[in-house]
Structure formats: C-alpha cells, structure tokens
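# Inside the fold
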Amino acid sequence: MKLRSEKVSKIIDGEIIWELNVSSVHAIGIDDKGFIYYGSRNIIYKLDSEGNLIWSYSYSSSDYYAQSINIDKNGNVYASFNYISSGILIKISSDGEKLSQRQGVLAIPDSEDNLIVIVRNSSYSYHYIEKYNKMDELLWTYKGALHSASNVTCPTTNIAVDNYGSIYAGSN
C-alpha cells in the first residue's frame, strides 16, 4: 500500500477503502462517532465515515493554516490555525458553526470536557498552559515548565492529558 500525497485516505487492514483528492492536509482528527475532520490550509472539513462532505469552516485569513484538530465528547471541534508567531484557536460546533475564538496553538479536551490550551505569546518567547471549564471560564494558568526567555521550548505536540485529567508536558 502506498499513500499518495494530497489525499485523505481511509485504510482498513492495510487496504485503502477510499481516497479523496485534496489540496493539502495539515491536521486530521476523528470523533467517537466516526466523523473525520481535516484541515487544509485555512479550512476545516467534516466528513462522514464514507468520505462524504458534511460541512466546511473557513478561517477568515488565508495566511493562517490549520495545525491541529481535536474533538470533545459533544462533537465540538477545536482547531488551531497558525501563522508565523501567532496562533488562533477556534471552537466549532458539531454543525460547523463558530462558537468561540481565542489565542492558542493547541487545545485538548479532557475526560470531563474541560479544555487544556497551549498558548504562545506574540514574541514567540514562551508557551503556557491554560485550563478552561465547560462554561469557557479560565480555571488556571501555568507558565512554569514551558517558559523560556531565549527560545521556544514547547513544540505544540508535546502535551497529553490522561483519563484522570493529569497533564503531561514536555519541552526541549
């Protein structure tokens, strides 16, 4: 099996079930109901399990590109869009409507649908972690281990949340 570039593919037992030609894929995610989400440039797409388009959401600036996609238990999509040193986090409903926007480069829902967000300051000199409850209220901010005055120490993929709500963060 060989995957070709610029495709979204469904693979089962090593066989390609279907493929879609796309312009690019910067991020991909799957929810508990089997819907597929992918980011191509500044657009997030939702597909059913057969690859049919359900909806698309376009971020207003074409300079930004989708970097990450995570989905909570209610089907809300947390998509980050990045451009040079800024990151925007968009919460999109299961119906494709924008619910909120904030600064951030990665958002991961925990087991109780609280939201763990990595935020990068505008000068790119540090990252920090914020936790929001279901009502979108800030619970706390942590600037400890991910802080660096001289360079970025936390690539946005170096965070995980376990089923108990514990957060694991790594930095270079």
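### A closer look at the pairing of strand S6 (residues 53-58)
In the sheet, strand S5 (residues 43-47) pairs with S6 via five bridges, with the strands oriented antiparallel. Each bridged residue has a counterpart across the sheet, and for Leu 47 the counterpart in S6 is Leu 53. In textbook terms, the turn of a hairpin is the stretch between consecutive antiparallel strands, and for S5 and S6 this stretch comprises five residues, one of which, Gly 51, has a positive phi near 90°.

### Points about the packing of aromatic side chains
The full count for this structure, using the stated rule, is three aromatic pairs. Centre to centre, the rings of Tyr 59 and Phe 81 are 5.2 Å apart; their planes meet at 20°, and the pair counts as stacked. Separated by 22 residues along the polypeptide, Tyr 59 in the loop between S6 and strand S7 (65-71) and Phe 81 in strand S8 (residues 77-83) bring together distant segments of the chain. Assessed through its relative accessible area of 0%, Phe 81 is described here as buried. The lysine or arginine in question, Lys 46, covers the ring of Phe 35, its NZ or CZ lying 4.3 Å from the ring centre.

### Regarding the sheet that holds strand S12 (residues 115-120)
Strand order in the open sheet made by the four strands is S11-S12-S13-S14, with antiparallel pairing throughout. Looking at strand neighbours, the two that pair on one side only are strand S11 (106-109) and strand S14 (138-142), the edges of this open sheet. Adjacent strand axes in the sheet meet at a mean angle of 20°, parallel and antiparallel pairs treated alike. Inspection of the sheet shows strand S13 (residues 127-132) paired to S14 by four bridges, in the antiparallel sense. Bridge assignment links Lys 131 to a residue of S14, and that residue is Trp 140.

### Looking at the pattern of salt bridges
Applying the stated criterion across every chain yields a total of two salt bridges. The shortest N-O distance in the salt bridge between Asp 110 and Lys 131 comes to 3.6 Å. With Asp 110 in the loop between S11 and S12 and Lys 131 in strand S13, this residue pair connects regions lying 21 residues apart in the sequence. Like Asp 110, the residue Lys 131 is buried in the burial classification.

The rules behind each value
Residues numbered from 1 in each chain as written. Predicted model: local features only at pLDDT ≥ 70, side-chain atom pairs only at ≥ 80, totals over all residues. Heavy atoms only, no water. Pairing = 2+ DSSP bridges. Helix = DSSP H or I, 4+ residues; strand = E, 2+ residues; numbered from the N terminus. Phe/Tyr/Trp six-rings, centres within 6.5 Å; stacked < 30°, edge-to-face > 60°. Buried < 20%, exposed > 50% of the residue type's maximum accessible area, 1.4 Å probe, protein only. Lys NZ or Arg CZ within 6 Å of the ring centre and 35° of its normal. Axes fitted to C-alpha atoms, helices over the stretch in contact; angles between N-to-C directions. Salt bridge = Lys/Arg side-chain N within 4 Å of Asp/Glu carboxyl O.

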